[in-house]
Structure formats: C-alpha cells, structure tokens
Amino acid sequence: MTVALPDPAFAGREYPATPAYSVGREKVREFAAAVGAQHPAHHDLEVARGLGYADVVAPATFAVVVAQRAEQQYVADPAAGIDFSRVVHADERFTHHRPIVAGDELVTVLHVDSVMHRAGIAMVTTRSEIFAVGADGDREPVSTVVSTLAVRGEGK
Amino acid sequence: MTEAVSVGAPALEDLAVGDVVATRTLELDRPRLVRYAGASGDFNRIHWDEAFATSVGLPNVIAHGMLTMGAAVGVVEDWAGDPGAVVDYQTRFTRPVPVPADGAAAVEVTATVGAIDAEARTVRVDLTVVHEGVKVLGKAQAVVRL
C-alpha cells in the first residue's frame, strides 16, 4: 500500500474567513474546568470584571477550539493528502494580542505556512489568525495560533 | 531560588532568572481525558479507546498533548494573578503521556523564570513538565506581561 504524504503545493494557501465562533460564558467555564484552570477570572463574572474584562476570560489554550475548526478546512480536504491515522501533534504556539472573553464573535483566517518532507515524514505548519468582529464589522486581531503536525509516511 | 506565594500580581523587580515561581502535580485520568475531549472537540479515539490506541502502536490511551499543555499553564495564570497576562505560550510535544484504565498518570510541573524583559515588562516562564522522570513537553514557554 502506498502512503501518500501531504501535498507540498498547499504551502502558502490562505482560506477565506470562517463563519463566526461565538464564545459562550459556559463554554469558557467548561473548557477551564476541563484543563483544570482554577483562576476565578475563568469562572466568576465579578472577578473578571474586577480585572477589567467584559466577561469571563478564556484560558491561554482555549483558542485551540477555534483554531481546530478552521484547520479542518485544510486537514479534512482529501486533496491535501493528510492521513489523520498517521498524524502526531508536533508543536503548538499561542500568541494573544488580547485575551479572549465570553461574548467575543471570532472569525479565523487559516494559512498553510509550510509543508515540508524530510526522511519520510512530512511537517505541516498552519497558522490561524483569529479576529474579533465588532458590531460595526471591524476586525480586531485577538490570537495567532501556529500548529505543526508530523505525518508519518510509509514504513515510519 | 525562591518559592513565591501568590498575592496579587508579582513584581517584576522582585524576580530573578532561575527563580522557581510555582509547582503543581497534574493527575490525568481517563475521565479527565473524556472531559477534555468534550470541552475541546478533539474526539480522536487514541485519547479514550484503549483497543484503538494499542492497535495503532501506542502503549495505551494517551492524554491529549493539548490537555497537558493547557493544564500545565494554569500554574502560570495563578501566579500572574490574571489569566489574561499570558500573552504567548508555546510548546513541543516530545513524549506521550499514557493514561491507565485505573488510577491516574501524574505529571509534575515546575515553573521557572527563564528571562526578564524589563523594558517590555514581560517575564518568560519556562515550564518543566515531567511524567515518570521524562519530559513530555519541550521548550514549554509562557510569556507573562506584568
């Protein structure tokens, strides 16, 4: 059986902005509880407001929920050639331009930054640029999520 | 080396490279993995189906790397006194954390001051994240604005 590696021609691609992800207060609390984030600003509205936030604050890795949806546009595309049974998460980076809070309406522009083959393994790096959409339609940069997947080729 | 007691935000001027600012032991068990799968939307079977995980060559069900990453940074948020102060957080996933059917996998987190930028008012906190004596995250670094 021939195992195809991801198509390098996808490098440099940019996808259209996703539909908005609405950050719910209970979703922030649920995610915070799941990672064990104990700081009350994730859970208690009054504490969050006391720190100057409009609503409860998402944990530092919450943006992965938003980014992974955007990444599906690429990784679930059969033409991209990514066999998910051969994928290992290699690295992840979050850069927050401002914290995500409940009530945010977030749209994501996905970029395929690189697709590199080396010794039968492909390294695929995506970048999700997450923006908050204001009532006037303006986009404010919120988070940049860079994720690298390692895809094992045949015999690896 | 100092053990910080978190009362409000730490003062940048009081910190030195090498200070251990927080430690925590994470207990990762199967219910925790299922809970994270639901909260994050990552339903990959390797994180909850032992028969599937072993069929693809893993020693057992393994924790989501993103769960380990997400759980480890909690000590930094608590130390900073404000979760929104974590402006950058990155890691490599170097080793999986197998999670047994019974009991839990213990993961030890140590947060150390790695660098201080007095001009930008930021501190880089380096996280050492260890399971059974082996680092499971590599270059785990959180940048905190103080």
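The structure presented is a predicted model; accordingly, all values stated were derived computationally and were not measured. (Residues numbered from 1 in each chain as written. Chains lettered and ligands numbered in written order. Predicted model: local features only at pLDDT ≥ 70, side-chain atom pairs only at ≥ 80, totals over all residues. Heavy atoms only, no water.)

## Some words on the overall build of chain A
Short version of the rule: Numbering of helices and strands runs from the N terminus, with a helix taken as a DSSP run of H or I at least four residues long and a strand as a DSSP run of E at least two residues long. Each residue's exposure class comes from its accessible area (1.4 Å probe, protein chains only) as a fraction of the maximum for that residue type: buried when under 20%, exposed when over 50%, partly exposed otherwise. A contact between two residues is defined here by any heavy atoms of the two lying within 4.5 Å. For the charge count, each Lys or Arg is scored as positive and each Asp or Glu as negative, with His and the chain ends excluded. The atoms used to mark charge sites are NZ of Lys, CZ of Arg, CG of Asp and CD of Glu.
Per the secondary structure count, chain A includes three helices and five strands. In sequence order, chain A lays out its α and β elements as β-α-α-α-β-β-β-β. Overall, the C-alpha framework of chain A stretches about 60 × 35 × 20 Å when taken along its three principal axes. Taking all 156 residues of chain A together, 50% fall into the buried category. Pairs at least 24 residues apart make up 71% of the contacts formed inside chain A by residues separated by at least 6 positions. Of the charged side chains in chain A, 14 are positive and 20 negative, and the gap between their average positions amounts to 5 Å.

## Here we look at the nonpolar core
Going by this rule: For this analysis, a nonpolar core means a set of buried residues of the types Ala, Val, Leu, Ile, Met, Phe, Trp, Tyr and Cys, connected via side-chain atoms within 4.5 Å.
Judged by nonpolar contacts, the single largest core of 66 residues is most densely connected at Phe-62 of chain A together with Leu-28, Val-76, Trp-79, Tyr-89 and Leu-127 of chain B. Beyond its immediate chain neighbours, meaning those up to four positions away, Phe-62 of chain A contacts Tyr-21, Val-23, Lys-27, Phe-31 and Ile-100 of chain A. Core analysis: the next-biggest nonpolar cluster, separate from the first, contains 15 residues, Ala-70, Ala-80, Ile-82 and Val-87 of chain A among them.

## Structural notes on the pattern of salt bridges
Residue and element names in this part refer to chain B. Definition in use: Any carboxyl oxygen of Asp or Glu within 4 Å of a side-chain nitrogen of Lys or Arg constitutes a salt bridge here.
In total, this model carries 13 salt bridges over all chains according to the counting rule given. Across the pair Arg-30 and Glu-50 runs a salt bridge whose closest N-O atoms are separated by 2.7 Å. Linking Arg-30 in helix 1 (residues 30–40) with Glu-50 in helix 2 (residues 50–55), this pair joins segments that are 20 residues apart in sequence. Residue class for Arg-30 comes out buried when judged on its relative accessible area of 16%.

## What to know about helix 1 (residues 25–35) of chain A
Basically, it comes down to this: The arc in question is the one spanned by the directions pointing from the helix axis to the C-beta atoms.
Listing the buried residues of helix 1 of chain A in full gives Val-28, Phe-31, Ala-32, Ala-34 and Val-35 of chain A. On an axial view of helix 1 of chain A, the arc spanned by its buried residues comes to 160 degrees, and they lie on one face. For helix 1 of chain A, the elements touching its buried residues are helix 3 (63–75) of chain A together with helix 1 and helix 3 (65–72) of chain B. Following helix 1 of chain A by one or two positions, Gly-36 of chain A has its phi on the positive side, about 80 degrees.

## Re the packing of helix 1 of chain A against helix 1 of chain B
Test applied: Angular values range over 0 to 180 degrees, each being the angle between N-to-C directions of two axes fitted as lines to C-alpha atoms, with helices fitted over their stretch in contact. Any angle that is under 35 degrees is reported as roughly parallel, and any over 145 degrees as roughly antiparallel; angles of 65 to 115 degrees are reported as roughly perpendicular and all others as oblique. A crossing counts as left-handed when the near helix is turned anticlockwise from the far one by less than a right angle, and as right-handed when that turn is clockwise.
It is the contact of helix 1 of chain A with helix 1 of chain B, at a shortest axis distance of 9 Å, that shows an interaxial angle of 150 degrees. Judged by the angle between their axes, helix 1 of chain A and helix 1 of chain B are roughly antiparallel. When you trace helix 1 of chain A past helix 1 of chain B, the crossing you get is left-handed. Seen from helix 1 of chain A, the contacting residues are Lys-27, Glu-30, Phe-31, Ala-33, Ala-34 and Val-35 of chain A; seen from helix 1 of chain B, they are Arg-32, Arg-35, Tyr-36, Gly-38, Ala-39 and Ser-40 of chain B.

## Here's the deal with the packing of aromatic side chains
Here a ring pair, both rings aromatic, is described through the centre-centre distance and the interplanar angle of the planes. Keep this limit in mind: Side-chain rings of Phe, Tyr and Trp, where Trp is taken by its six-membered ring, are said to pair if the distance between their centres is within 6.5 Å; with planes under 30 degrees apart they count as stacked, over 60 as edge-to-face, and otherwise as tilted. Lysine and arginine charges are scored as sitting over a ring when NZ or CZ, respectively, is within 6 Å of the ring centre and within 35 degrees of the ring normal.
Enumeration according to the criterion identifies four aromatic pairs over all chains in this entry. Ring geometry for Phe-31 of chain A against Phe-62 of chain A: centres 5.4 Å apart, planes inclined by 90 degrees, an arrangement best described as edge-to-face. Of this pair, Phe-31 of chain A sits in helix 1 while Phe-62 of chain A sits in the loop between helix 2 (45–50) and helix 3; the two residues are 31 residues apart in sequence, bridging distant segments of the chain. Taken individually, Phe-31 of chain A and Phe-62 of chain A each receive the classification buried, so the pair is uniform in this respect. One aromatic cluster in this structure is built from Tyr-21, Phe-31 and Phe-62 of chain A together with Tyr-36 of chain B. The positively charged end of Arg-13 of chain A is found above the aromatic ring belonging to Phe-10 of chain A, 3.8 Å away from the centroid.

## What to know about the packing of helix 1 of chain B against helix 3 of chain B
Residue and element names in this part refer to chain B. Put simply, the rule is: Charged residues are taken to be Asp, Glu, Lys and Arg, nonpolar residues to be Ala, Val, Leu, Ile, Met, Phe, Trp, Tyr, Cys and Pro, and polar residues to be all remaining types, Gly included.
Where helix 1 meets helix 3, the axes come as close as 10 Å, and the angle between the chain directions of the two elements is 95 degrees. In terms of axis orientation, helix 1 runs roughly perpendicular to helix 3. Across the interface between the two elements, Arg-32, Leu-33 and Tyr-36 of helix 1 pack against Met-66, Leu-67 and Ala-71 of helix 3. Taken together, the residues that form the contact of helix 1 with helix 3 break down as five nonpolar, no polar and one charged.

## Digging into unusual backbone geometry
All names here are of chain B. The backbone phi angle of Arg-121 is positive, close to 60 degrees, even though this residue is not glycine. With respect to the helices and strands, Arg-121 occurs in the loop between strand 3 (105–117) and strand 4 (122–131). Backbone geometry at Glu-132 places phi at a positive 50 degrees, although glycine is not the residue there. One can find Glu-132 in the loop between strand 4 and strand 5 (134–135).

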